[in-house]
Amino acid sequence: MATPRPWILASAALALLAAGAQAQTAQQPSPYAIESCASGCFVLKERGAAIYTGADPASYRICSRSSLGAEVSVDTTVVRLSNRDCTDVNGRAIILNAGEIAVGRLPR
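Basis of the calculations
- Residues numbered from 1 in each chain as written.
- Predicted model: local features only at pLDDT ≥ 70, side-chain atom pairs only at ≥ 80, totals over all residues.
- Heavy atoms only, no water.
- Pairing = 2+ DSSP bridges.
- Helix = DSSP H or I, 4+ residues; strand = E, 2+ residues; numbered from the N terminus.
- Axes fitted to C-alpha atoms, helices over the stretch in contact; angles between N-to-C directions.
- Phe/Tyr/Trp six-rings, centres within 6.5 Å; stacked < 30°, edge-to-face > 60°.
- Buried < 20%, exposed > 50% of the residue type's maximum accessible area, 1.4 Å probe, protein only.

To continue, consider the sheet that holds strand 3 (residues 70–74). The strand order across the open sheet built from six strands is 1-6-2-5-3-4, with neighbouring strands paired in antiparallel fashion. The open sheet is flanked by strand 1 (41–44) and strand 4 (77–81), the only strands paired with a single partner. For this sheet the average axis-to-axis angle between neighbouring strands, irrespective of direction, equals 55 degrees. For strand 1 and strand 6 (residues 101–105), the ladder comprises four bridges, and the chain directions are antiparallel. Across the sheet, C41 pairs through a bridge with G104, a residue of strand 6.

What follows is the structure, encoded as structure tokens:
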């Protein structure tokens, strides 16, 4: 029996890698990211605006829409966002203190 040649093994390995890469599905962008806020997100810029108030905590991704940043209150804890930064928050009372933000609800 003849021993396999190295170039045959290498080409077989490349073929398997290529087949695996083709089988993978393309990853969809998060519907909650600021770039994808065309659906499911809203913009707030009114100081004191309630993002969420409820008996059960809810999670949101909040992104500053200006270079000046923004500030939100999450269950009385102040969360500051710097220049166009994003953060995820979870709470029963989420209020905009200052700035302009884009907000998207995160899945439970």
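Turning our eyes to something else, we now look at the packing of aromatic side chains. Per the stated rule, a full pass over the model turns up one aromatic pair. Here Y52 and Y60 contribute two aromatic rings whose centre-to-centre distance is 6.0 Å and whose plane-to-plane angle is 45 degrees, an arrangement assigned as tilted. Using a relative accessible area of 17% as the deciding quantity, one classes Y52 as buried.

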